[in-house]
Amino acid sequence: MTLTLVTPTKAPKIKQGLASTSPQELVIEGAGGSSFTDSYNSSIGPYSETEGSKGTVNTVGGVSLSGGAEIEGDLVTGGGIVKMQSANTAITGNLSYGGSTSLHKKATVGGWTADNGSVEQIDPIGSMIKNQAESVEANNDNGRSDAIDGRGLDPSKSAWTLTNGNYYVDDLGLNSGETLSLDLQNGDIDVVVDDDVMLNGGTIQVQNPDNGTANVYVLGDTVSVTNGADVSIPGDKSRAFRIYGPPGTSATVSGDDTEFVGVLYAPDSRSQYGDVSVTSHGEVYGAIVGGKTVLRSGGTVHYDQALVMTETLPADFTTVPRVTYMHVSTNRVNVTSA
């Protein structure tokens, strides 16, 4: 009998607001508006009531801070150069680096600085998304929802509500004036998107966040939240909304009054590299795990500390390959007496 053992996928707890799985430089630029990370704890209250300074940033590569950029929390790097290029850049916590540093003489590090940086491995989740897509495409609840027409949102409407169930749509695009409500009153909602997620001024409202989680599995390579788009959850409870993307995902949160409450999770693989940009006063409440990352022109990430108390991936899914067959062979042994 031959049995092949596999190593479980590494998906550590979300302990930081930004985690970049790319060896390329993570950039935070304050020019054109303050760009920073900080924190809150939605298990106690919304951001407005629990604002704090635990907005830690982890990255495989180096970091460049300039123009008033600030990390209200710790910075941990696995390699590359940490560059604090102007006097008004700041890290309020500790700086743990795995490569080297180039710090402006007036830049501020509030805690200790040490050459002891290392970051946890975060594996890509492309196979998890593929498995979920195949399952939901074969067996879904599209037919019982009046929000769905075929394999998409009913085009005759501008407001839709999905409740507990599994749904498969060809794409997910919401423009200004369009609203998708995800009502978790009766439990989890899983939505597989065969292509991209494009919120161009549109709104996603997650309702009853204490009763479940809304998971969006993206098969395309783009997640765009721009032009005043709003993804909202009562109490800023980011754990109730997750977007899972394959390696190579390009994610954008950008524009005045653009807000995303939730988790965007799309780690790179060894051969597929994505990118994340939070710019032009776009705001994230929750966390981002993705590829090469840029915060610029007022782009901010508010880490939700409540995420560390939740599982990173859905409890009933794994990226570990399934055992599809076992090869069993028989060897005969003859034993005779002397």
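Procedures and definitions
Residues numbered from 1 in each chain as written. Predicted model: local features only at pLDDT ≥ 70, side-chain atom pairs only at ≥ 80, totals over all residues. Heavy atoms only, no water. Pairing = 2+ DSSP bridges. Helix = DSSP H or I, 4+ residues; strand = E, 2+ residues; numbered from the N terminus. Axes fitted to C-alpha atoms, helices over the stretch in contact; angles between N-to-C directions. pLDDT = per-residue confidence, 0-100. Contact = heavy atoms within 4.5 Å. Phe/Tyr/Trp six-rings, centres within 6.5 Å; stacked < 30°, edge-to-face > 60°. Buried < 20%, exposed > 50% of the residue type's maximum accessible area, 1.4 Å probe, protein only. Patch = residues over 30% accessible without salt bridge, like charges linked within 9 Å, V, L, I, M, F, W, Y side chains within 5 Å. Areas by Shrake-Rupley, 256 points an atom, 1.4 Å probe, with all protein chains shown as cover. Salt bridge = Lys/Arg side-chain N within 4 Å of Asp/Glu carboxyl O. Lys, Arg positive; Asp, Glu negative; His and termini not counted. Charge placed at Lys NZ, Arg CZ, Asp CG, Glu CD. Core = buried A, V, L, I, M, F, W, Y, C linked by side-chain atoms within 4.5 Å.

1. Some words on the sheet that holds strand E25 (residues 250–254)
No. 1: Taken in spatial order, the 10 strands of this open sheet run E11-E8-E5-E2-E29-E27-E25-E22-E19-E16, and their pairing is parallel. The sheet is open, and its two edges are formed by strand E11 (100–103) and strand E16 (172–175), each paired on a single side. Averaged over all pairs of adjacent strands, the angle between their axes in this sheet comes to 5 degrees, without regard to strand direction.
No. 2: Pairing between E25 and strand E27 (residues 275–279): 5 bridges, direction parallel. By the bridge assignment for E27, Thr252 is matched with Ser277.

2. Looking at the confidence of the model for the protein chain
No. 1: Per-residue confidence for the protein chain gives a mean pLDDT of 92; residues scoring 70 or more make up 90%.
No. 2: Ignoring residues within four places in sequence, the model shows residues 319–326, a span with pLDDT below 50, making 13 contacts including any to other chains.

3. Considerations on the packing of aromatic side chains
No. 1: A full pass over the atoms with the stated rule returns 6 aromatic pairs.
No. 2: With a centroid separation of 6.2 Å and 75 degrees between ring planes, the pair formed by Tyr244 and Tyr265 is classed as edge-to-face. Taken together, the residues Tyr244 in strand E24 (residues 241–244) and Tyr265 in strand E26 (residues 259–265) connect sequence positions 21 residues apart.
No. 3: A relative accessible area of 1% means that Tyr244 is categorised as buried.
No. 4: Classification of Tyr265 as buried rests on a relative accessible area of 1%.

4. Description of the environment of Ala87
No. 1: Note that Ala87 resides in the loop between strand E8 (81–84) and strand E9 (90–91).
No. 2: Taking C-alpha positions, Ala87 is 7.8 Å from Thr108, a pair spaced 21 residues apart along the chain.
No. 3: The contacts of Ala87, once residues within four sequence positions are left out, are His104, Lys106 and Ala107.

5. Looking at the side chain of Thr56
No. 1: When you line up the elements, Thr56 lands in the loop between helix H1 (47–50) and strand E4 (57–59).
No. 2: For Thr56, a relative accessible area of 14% translates into the label buried.
No. 3: For Thr56, the residues in contact, after removing those within four places along its chain, are Lys15, Gln16, Gly17, Leu18, Gly73 and Asp74.

6. Quick notes on a negative patch on the surface
No. 1: A surface patch of negative charge is lined by Asp171, Asp194, Asp195 and Asp221.
No. 2: Note that Asp171 resides in the loop between strand E15 (165–169) and E16.
No. 3: Judged by relative accessible area, which is 46%, Asp171 ranks as partly exposed.

7. Thoughts on the environment of Val218
No. 1: Tracing the backbone shows Val218 in strand E21 (residues 214–218).
No. 2: Val218 sits in the buried class, given a relative accessible area of 1%.
No. 3: Along the primary structure Val218 and Ala266 are separated by 48 residues, whereas in three dimensions their C-alpha atoms are 9.6 Å apart.
No. 4: Sequence-distant contacts of Val218, defined by excluding residues within four places in its chain, comprise Ile129, Val193, Asp195, Asp196, Val197, Val223, Ile243, Tyr244, Gly245 and Pro246.

8. A few points about the nonpolar core
No. 1: Ranked by internal contacts, the top residues of the largest apolar core, which has 59 residues, are Leu180, Leu182, Ile204 and Phe241.
No. 2: If we skip the residues at most four places from it in the chain, Phe241 touches Leu182, Ile204, Val206, Thr213, Ala214, Val216, Val231, Ile233, Phe260, Val261, Gly262 and Val263.
No. 3: Counting 19 residues, the second-largest nonpolar core is a separate cluster that includes Met128, Ile129, Val263 and Leu307.

9. Things to note about the pairing of strand E2 (residues 26–29)
No. 1: Note: E2 against strand E5 (residues 63–66), 4 bridges, orientation parallel. When the sheet's bridge partners are listed, Ile28 is paired in E5 with Leu65.
No. 2: As paired elements, E2 and strand E29 (residues 292–296) share 3 bridges and run parallel to each other. By the bridge assignment for E29, Glu29 is matched with Arg296.

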